[in-house]
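Secondary and tertiary structure notes
Okay, here's what each chain looks like letter by letter:
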Amino acid sequence: MDTENCTNLYLQVCQTFLTCKYDDPSTFEDLYKLLPWLRQSLTCCVCSKVVVDPMSSTQTHCQHFVCAKCRGGKMVLRPSCSWCKDANAFEINEHLVILVQCFSKICELILHSPINDHIIKYDQNRKKEQQKEATGKKEEHSKKRRSGTRRHQVSSRILNISVSEVLQDGISKCNQTTPVT
Ligand SMILES: [Zn+2]
Ligand SMILES: [Zn+2]
């Protein structure tokens, strides 16, 4: 949730996308991880959705940001941030506005590229794995805990969003920006 992090992730996504070879899936497998991270990094501190009309405090360096309509709302930060409490100090963050537009654009490009077929397959496999894991967990309840289970639980909780959902989220941002009057 800071602008530098978002920019770096975005650049990594672009680099992976621009240098990938469609007939060699190993060249774009990084996208499956990078895209959810990028989407996560563009999350509003109040509503937890991809930020719309991003605003951040001009008086601090904490780099927290919220949607224009979420300004002054309760932030879901843990621990809470003592720096950006003054909602009046929030102004439109032009850098982030552009970054969200870029995110939206790259989602659209990926969605219309041959990579999308691989993404759909990847999501399906991941879903199957998660279901297997879920039934495994139920069975395990009565059995002894196997090693490595804890790690799986954590990783699936962090990025519980599929890559396809990230792309849909991204392209829906095209139409959401409030027109400048
Ligand atoms: Zn918001
Ligand atoms: Zn802050």
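The structure this text deals with has already been given above.
Residues numbered from 1 in each chain as written. Chains lettered and ligands numbered in written order. Predicted model: local features only at pLDDT ≥ 70, side-chain atom pairs only at ≥ 80, totals over all residues.

Observations concerning the overall build of the protein
The condition is simple: Working definition: helices are DSSP H or I runs of at least four residues, strands are E runs of at least two. Numbering for both runs from the N terminus. In this scheme every C-beta is placed from the backbone, and a residue whose C-beta has 20 or more other C-beta atoms within 10 Å is buried, one with 12 or fewer is exposed, and one in between is partly exposed. Note on contacts: each residue gets a C-beta atom placed from the backbone, and two residues are in contact if those atoms are within 7 Å.
Across its full length, the protein holds 6 helices and 3 strands. The N-to-C order of helical and strand elements in the protein reads α-α-β-β-β-α-α-α-α. Taking all 181 residues of the protein together, 26% fall into the buried category. Counting only contacts in the protein whose residues sit at least 6 apart along the sequence, the fraction spanning at least 24 positions is 65%.

Some details on the sheet that holds strand E2 (residues 65-67)
Under the convention used in this document: Criterion used throughout: strands pair if DSSP finds at least two bridges between them. All axes here are fitted lines through C-alpha atoms, helices being fitted over the stretch that makes contact, and every angle between N-to-C directions spans 0 to 180 degrees.
Within the open sheet, the 3 strands sit side by side as E2-E1-E3. Their pairing is antiparallel. Where the open sheet ends on each side, the last strands, each with one partner, are E2 and strand E3 (90-92). Ignoring which end each strand starts from, the neighbouring axes of this sheet average 40 degrees apart. For strand E1 (residues 54-57) and E3, the ladder comprises 3 bridges, and the chain directions are antiparallel. Along E3, the bridge assignment pairs Met55 with Ile92. On top of the sheet, helix H3 (residues 94-111) reaches E1, E2 and E3; it is set at about 150 degrees to E1, its chief contact.

Overview of the nonpolar core
Using the following cut-off: To form a nonpolar core, buried Ala, Val, Leu, Ile, Met, Phe, Trp, Tyr and Cys residues must be joined through C-beta atoms within 7 Å.
Formed by 34 residues in total, the largest nonpolar core has its most connected members in Val13, Leu38, Val51, Val66 and Phe103. Mapped by element, the contributors of at least two residues to this core are helix H1 (3-19), helix H2 (30-41), E2, H3, helix H4 (115-142) and helix H6 (163-172). Of all the elements, H3 adds the most residues to this core, at 7 residues. Here Val51 is in contact with Leu42, Thr43, Cys44, Phe65, Cys67, Leu96 and Val100, once residues within four sequence places are set aside.

As for the pairing of E1
The two faces of E1 match: Pro54 and Ser56 on one face and Met55 and Ser57 on the other face are all buried. As judged from the 3 bridges shared by E1 and E2, these two strands associate in the antiparallel manner. Bridged to Pro54 within E2 is Cys67.

Comments concerning the packing of H1 against H2
Each packed pair of helices is defined by two parameters, the angle between the axes and the distance between the axes. Applied cut-off: When describing relative orientation, an angle under 35 degrees is termed roughly parallel and one over 145 degrees roughly antiparallel, while 65 to 115 degrees is termed roughly perpendicular and anything else oblique. Less than a right angle of anticlockwise turn of the near helix away from the far helix marks a crossing as left-handed, whereas a clockwise turn marks it as right-handed. Asp, Glu, Lys and Arg are counted as charged, while Ala, Val, Leu, Ile, Met, Phe, Trp, Tyr, Cys and Pro are counted as nonpolar; the rest, among them Gly, fall into the polar class.
Relative to each other, H1 and H2 sit at 150 degrees, their axes nearing to 9 Å. As judged from the angle between their axes, H1 and H2 are roughly antiparallel. Between H1 and H2 the crossing geometry is left-handed. Note on element contacts: H2 touches H1 through Asp30, Leu31, Leu34, Leu35, Trp37, Leu38 and Ser41, opposite Asn5, Cys6, Leu9, Tyr10, Gln12, Val13, Thr16 and Phe17. When grouped by side-chain class, the residues that make up the contact of H1 with H2 number 10 nonpolar, 4 polar and 1 charged.

Things to note about the packing of H3 against H6
Where H3 meets H6, the axes come as close as 7 Å, and the angle between the chain directions of the two elements is 125 degrees. As summarised for this structure, H3 and H6 are arranged oblique, according to the angle between their axes. As H3 runs across H6, the sense of the crossing is left-handed. Contact residues: H3 offers Phe103, Ser104, Cys107, Glu108, Ile110 and Leu111, while H6 offers Leu167, Gly170 and Ile171. Partitioning the contact of H3 with H6 into residue classes produces 6 nonpolar, 2 polar and 1 charged.

Considerations on unusual backbone geometry
For the bond running from Arg78 to Pro79, omega is -5 degrees, close enough to zero to count as cis. Positive phi, close to 50 degrees, is recorded for Asp53, a residue that is not glycine. With respect to the secondary-structure elements, Asp53 resides in the loop between H2 and E1. Accessibility expressed as a C-beta count within 10 Å gives 20 for Asp53, which makes it buried. One non-glycine residue, Gln63, lies in the positive phi region at around 65 degrees. Here Gln63 lies in the loop between E1 and E2.

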